[in-house]
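Each chain is listed here by its residues.
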Amino acid sequence: MKTGKLPEHTFKRAVLNPIWYRNRDFEFRAAVGHDGAVIGDMVTSMSTTAFYYEGNELYALQNALNNIIAAGGKPYGIAVAVLLPEHSEEAVLRKITGNISKKAALYEIEILAGHTELVPTVSLPTITITAYGSVLWNNRHKEVTEDMDIVMTKWTGLYGGAILADLKKDELIGRYPRSYIETAAEYINYTSLMPELAVIQAFINEHPKDIYAAHDVSNGGVFGALWQMLSACNIGAECRIRDILMKQEIIEICEYFDINPYMLNGQGSILMILKDGTELVEMMHEAHIEAAVIGKTQSGSDRKVLVGDEERFLVPPKGDALNVVFYGQKMPV
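The structure contained in this document is the topic of the report that follows. For clarity, every value in this text was computed on a predicted model and none was experimentally measured. (Residues numbered from 1 in each chain as written. Predicted model: local features only at pLDDT ≥ 70, side-chain atom pairs only at ≥ 80, totals over all residues. Heavy atoms only, no water.)

Mapped onto the elements of the fold, Trp-137 is located in the loop between β5 (126-135) and β6 (149-153). Residue classification places Trp-137 among the buried positions, given a relative accessible area of 5%. For the pair formed by Trp-137 and Ile-200, sequence separation is 63 residues and the distance between their alpha carbons is 9.6 Å. Every residue in contact with Trp-137, bar those within four places of it in the chain, is listed here: Ile-69, Ala-70, Ala-71, Gly-72, Ile-200, Ile-204, Ile-211, Tyr-212, Ala-213 and Ala-214. (Helix = DSSP H or I, 4+ residues; strand = E, 2+ residues; numbered from the N terminus. Buried < 20%, exposed > 50% of the residue type's maximum accessible area, 1.4 Å probe, protein only. Contact = heavy atoms within 4.5 Å.)

Structure (structure tokens):
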């Protein structure tokens, strides 16, 4: 198997199919397109560091919290597992736990439990975050019908573009002005869905049942997230490439590395399905969060993206464009 997130067919065959026991009371659980699990009034989700760089523990934290929000919850606590290589310095551990603690405190998230160990089976620090939240609204994938709006917040390739700008800065500065790349690197500050959560909470207070489904945009980019969310809803869609929000700096970085920005990790963005997404988009704008209706659901199973007059079809996600840059993997066109 290749480095990165499992392909959907492998995930179904090797992870979902071997699950023997399922409690019938749990309707939202491990499945394609599900960002977490709902147990009574609690939502839980887990995330781990994708690849190593200094500060990557915050990726795991943000991703776990974002999954809670996409699963319909409001996060309130986390459990942290840190595995370090043998003979690691205490300063390394202090920095990891300090970064997590500061960010969690900023979001008023409590660290509930954890585990820390030095083990011979890891060569680099590996951090896993399990997040917990209270239910705000329920994903109702089975109730999604045709002609519903698909709303997206922020812009495509958000996290991936920021990380490439940071970790590949010296290379990129040979092509672009330093200020341009530094601006792109600052987008890492937008990779949390906590700002969206405040708007979503205000929206559902007025419209308790108007959000039918959601999915965070992370590994696999917006195309991957669209496929997974629509698969969970068992429905087709037609989206317009011109309506998917984008930052010019991220476009330029993707062109430099010859990768598809729509298949680049977009942590910090969320997709939602509503009957009418206009009011939610307006509320996001009032909160200074970029958002747009990018398409509509359709009957059948075709998941189309309109690129000008050309019609293209989404396919199951087969990795993330970051893997092309860091691991030399090939991605489908």
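Let us keep going from here.
Moving on, we come to the packing of aromatic side chains. In total, this model carries eight aromatic pairs according to the counting rule given. When the ring of Trp-155 is compared with that of Tyr-187, the centres are 5.3 Å apart and the planes differ by 70 degrees; the resulting orientation is edge-to-face. One end of the pair, Trp-155, is in the loop between β6 and α4 (158-167); the other, Tyr-187, is in the loop between α6 (178-185) and α7 (194-206), and 32 residues separate them in sequence. Note on accessibility: Trp-155 and Tyr-187 belong to one class, buried. (Phe/Tyr/Trp six-rings, centres within 6.5 Å; stacked < 30°, edge-to-face > 60°.)

Before going further, it helps to examine α6. The complete set of buried residues in α6 reads Ile-181, Ala-184 and Ala-185. Buried positions in α6, seen along its axis, are confined to an arc of 100 degrees and lie on one side of it. Turning to α6, the residues buried within the fold contact α4, α5 (169-173) and α9 (248-257). (Arc of directions from axis to C-beta.)

Among the residues making up helix α10 (residues 278-286), those that are buried are Leu-280, Val-281, Met-283 and Met-284. Viewed along the axis of α10, the buried residues span an arc of 160 degrees, placing them on a single side of the element. The inward-facing, buried residues of α10 contact β6, α7, β9 (269-274) and β10 (291-298). His-288, located one to two residues past α10, shows a positive phi value of around 65 degrees.

Pairing is mixed across the open sheet formed by five strands, whose spatial order is β1-β2-β5-β3-β4. At either margin of the open sheet sits one strand with a lone partner, and together these are β1 (37-39) and β4 (110-119). Taking each pair of neighbouring strands and ignoring which way they run, the sheet shows an average axis angle of 20 degrees. Here 10 bridges tie strand β3 (residues 73-85) to β5, and the two strands are oriented antiparallel to one another. Opposite Pro-75, over in β5, you have Gly-133 as the bridge partner. (Pairing = 2+ DSSP bridges. Axes fitted to C-alpha atoms, helices over the stretch in contact; angles between N-to-C directions.)

Pairing is mixed across the open sheet formed by seven strands, whose spatial order is β7-β9-β6-β10-β8-β11-β12. The strands lining the two open edges of the sheet, one partner per strand, are β7 (211-217) and β12 (310-313). Averaged over all neighbouring strand pairs, the angle between strand axes comes to 25 degrees, with direction disregarded. Pairing of strand β8 (residues 236-240) with β10, which is carried by four bridges, proceeds in the antiparallel orientation. Counterpart to Ala-237 in the pairing with β10 is Thr-297. Seen against the sheet, helix α8 (residues 221-233) touches β6, β7, β8, β9, β10 and β11 (303-307) and runs at an angle of roughly 145 degrees to β7.

Quick look at the pattern of salt bridges now. One pass over the full model with this rule turns up 12 salt bridges. For Lys-247, the salt bridge goes to Glu-290, with nearest N and O atoms at 3.3 Å. Within this pair, whereas Lys-247 is found in the loop between β8 and α9, its partner Glu-290 is found in the loop between α10 and β10, the two being separated by 43 residues in sequence. What makes Lys-247 partly exposed here is its relative accessible area of 21%. Classification of Glu-290 as partly exposed rests on a relative accessible area of 32%. One salt-bridge network, in which partners are shared between bridges, spans Asp-147, Asp-149 and Lys-296. (Salt bridge = Lys/Arg side-chain N within 4 Å of Asp/Glu carboxyl O.)

On to the environment of Asp-166, then. Within the element layout of this structure, Asp-166 appears in helix α4. C-alpha of Asp-166 to C-alpha of Ile-188: the two residues are 22 residues apart in sequence and 9.2 Å apart in space.

Among the five residues that make up β6, five are buried, leaving the element largely enclosed by the rest of the structure. On β6, burial covers both faces: Asp-149, Val-151 and Thr-153 on one face and Ile-150 and Met-152 on the other are all buried. Sheet topology places β6 next to β9; four bridges connect them, and they run antiparallel. Its bridge partner being in β9, Ile-150 is matched across the sheet by Ile-273. Two elements, β6 and β10, share five bridges in a ladder whose sense is antiparallel. Directly across from Thr-153, in β10, lies its bridge partner Ala-291.

Keep in mind these values describe shape, not function.
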